[in-house]
Amino acid sequence: MTTKPDSSGGLPDTVKLLIGAGGIYASFLYYGSLQEDVFRYTSPTDSATFKAAWFLQVLEALANVIIGFVGMQLMGATPNIPKQMFAISGASQVSAKACTSLALANGLSFPVATLAKSGKMAPVMAGSLLLGGATYSFREYLQVAAIIGGTAIVGLGKKKGGSNSLLGVLFILGSLVLDGVTAGFQKRLKMATAKAGVKPKPYDFMFWTNLFMMLTALVFAGGLGELTSGVSFCVANPEIMSKIIKFALCSAIGQSFIFYTIANFDPLILSTVTTTRKIFSVLLSIFLKGHSLSLMGWSGIALACAGIMSELQAKAAGKAKAH
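Residues numbered from 1 in each chain as written. Predicted model: local features only at pLDDT ≥ 70, side-chain atom pairs only at ≥ 80, totals over all residues. Heavy atoms only, no water.

Chemist: Break down the overall build of the protein chain for me, with residues and values.
Modeler: Along the protein chain, the regular secondary structure elements total twelve helices and zero strands. When the helices and strands of the protein chain are read in sequence order from the N terminus, they spell out α-α-α-α-α-α-α-α-α-α-α-α. For the protein chain, buried positions account for 45% of its 323 residues. Sequence-distant contacts, at least 24 apart, represent 87% of the contacts inside the protein chain between residues at least 6 apart. (Helix = DSSP H or I, 4+ residues; strand = E, 2+ residues; numbered from the N terminus. Buried < 20%, exposed > 50% of the residue type's maximum accessible area, 1.4 Å probe, protein only. Contact = heavy atoms within 4.5 Å.)

Chemist: Give a description of the environment of Ala103 that names residues and reports values.
Modeler: With respect to the helices and strands, Ala103 occurs in helix α3 (residues 83-105). According to the relative accessible area criterion, Ala103 is buried, its value standing at 0%. Once you skip the residues sitting within four places of it in the chain, Ala103 turns out to touch Leu108, Gly168, Phe171 and Ile172.

Chemist: How would you explain the packing of α3 against helix α8 (residues 202-223) if you had to name every residue and give the values?
Modeler: The angle between the axes and the distance between the axes are what describe a pair of packed helices. Closest axis-to-axis distance for the α3/α8 pair is 7 Å, and the angle between their directions is 60 degrees. For the element pair α3 and α8, the recorded crossing hand is right-handed. Across from Lys83, Phe86, Ala87, Gly90, Ala91, Gln93, Val94 and Lys97 in α3, the residues of α8 making contact are Asp204, Phe205, Trp208, Thr209, Phe212, Met213, Thr216 and Ala217. Residues of the contact of α3 with α8, tallied by class, amount to nine nonpolar, four polar and three charged. (Axes fitted to C-alpha atoms, helices over the stretch in contact; angles between N-to-C directions. Left-handed = near helix turned anticlockwise from the far one by under 90°. Nonpolar A, V, L, I, M, F, W, Y, C, P; charged D, E, K, R; others polar.)

Chemist: A description of the side chain of Arg277 should follow, citing residues and the corresponding values.
Modeler: Among the structural elements, Arg277 can be located in helix α11 (residues 267-288). Buried and unpaired, Arg277 has Glu60 as its nearest opposite-charge partner, separated by 9.9 Å. (Lys, Arg positive; Asp, Glu negative; His and termini not counted. Salt bridge = Lys/Arg side-chain N within 4 Å of Asp/Glu carboxyl O.)

Chemist: Report on the pattern of salt bridges, specifying residues and quantitative values.
Modeler: Close approach of charged atoms allows side chains of opposite charge to pair. This structure, assessed with the given rule, holds five salt bridges. A salt bridge links Lys289 to Asp37, with the shortest nitrogen-to-oxygen separation between them at 2.6 Å. Of the two residues, Lys289 is situated in the loop between α11 and α12 (295-322) and Asp37 in helix α1 (residues 13-40); the sequence distance between them amounts to 252 residues. In this structure, the salt-bridge partner of Lys117 is Asp179, at a minimum N-O distance of 2.7 Å.

Chemist: I'd love a proper account of the packing of aromatic side chains, names of residues and values included.
Modeler: Given two aromatic rings, one states the distance between the centres and the angle between the planes to describe the pair. Per the counting criterion, the structure on display carries 13 aromatic pairs. For the ring pair Tyr41 and Phe233, a centre distance of 6.2 Å and an interplane angle of 80 degrees mean the geometry is edge-to-face. Here Phe233 lies in helix α9 (residues 226-236) and Tyr41 lies in the loop between α1 and α2 (53-75), a separation of 192 residues in the sequence. For the ring pair Phe50 and Phe233, a centre distance of 5.8 Å and an interplane angle of 65 degrees mean the geometry is edge-to-face. Of this pair, Phe50 sits in the loop between α1 and α2 while Phe233 sits in helix α9, and the two are 183 residues apart along the sequence. What makes Phe233 buried here is its relative accessible area of 12%. Over the aromatic face of Trp208 sits the side chain of Lys83, whose NZ or CZ is 4.6 Å from the ring centroid. (Phe/Tyr/Trp six-rings, centres within 6.5 Å; stacked < 30°, edge-to-face > 60°. Lys NZ or Arg CZ within 6 Å of the ring centre and 35° of its normal.)

Chemist: So, unusual backbone geometry: which residues are in play, and what are the values?
Modeler: Phi at Ser47 takes a positive value of approximately 60 degrees, unusual for a residue other than glycine. Within the secondary structure, Ser47 sits in the loop between α1 and α2. A relative accessible area of 54% places Ser47 in the exposed class.

Chemist: An account of the side chain of Thr182 is requested, with residue identities and associated values reported.
Modeler: Within the secondary structure layout, Thr182 lies in helix α7 (residues 166-195). In contact with Thr182, not counting residues within four places along its chain, are Ser89, Ser92 and Gln93.

Chemist: Give me the confidence of the model for the protein chain: which residues, what numbers.
Modeler: Segments scoring low in pLDDT should not have their predicted coordinates read at a detailed level. In this model, the protein chain carries a mean pLDDT of 85, and residues with pLDDT of at least 70 account for 89%. Model confidence for the protein chain, summarised as mean pLDDT per element, is weakest for helix α5 (residues 121-131) at 68 and strongest for α2 at 96. For the stretch residues 1-8, pLDDT sits under 50, and the model shows 15 contacts to residues farther than four places along the chain or on other chains. (pLDDT = per-residue confidence, 0-100.)

And the structure:
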């Protein structure tokens, strides 16, 4: 296990890892479960479903802004941060998250959406190949093909009673493209902060990114009428409001555990935790939410998970060579 140097003594690394990984697992496994519950919820009065994805992003970002602000006050805020790239990165990031929510709202199953989001390397590779100058190994192509192919098989391998809409698929593809765009903007953000001679702390990133995410979501929610429709739906169905509040809190608390892990361990440790968390989220959804998969569907799960774990193992091997 590679850790960052800790001259302050304190807790043993094993305890720190249990805190960080345990917090991430607990927060985001429940986060995923709540997200699925929100979009599968059916109003008992008129059988309406929740569609206000941008309104949901406003509340999630707001929770992160509050936690980020508190953390920034406790840890100390970094002055003279270049805000423009935070705004662009935040807008792109919240658009990707909204597309994922819209995919769920339009009938894409949670396991398929989560597996598809694990293939975010695909748009990054495509963009790099189109722009030129990038080369990838045969193994990297196989990993992406396994994740995408496995996800497609899961989508086709649902037993009778389950379906994935074309619109939902288009939204998740849009989310993947925006993930690739966001990765590019985040690199430019790091360059902009380095050029300005500042080094933002974790809670600076959390606060400023989510502030612009919230503002972007507010514009879209307001323009699409989701502020009124979202509030009306929640007032008429208080049960879903409690799920949304817990969903937003899990997001903010989970982000704090991510920053704790980043501060104490190598990025590969965080990558391992978050990657395996996605696999467990898919399995929990299948077993607890009533998804019925055929043998073909289970083979798709195995193929996609193999691709995800192979990508993780390749990162570990690359890290070992670097040392």
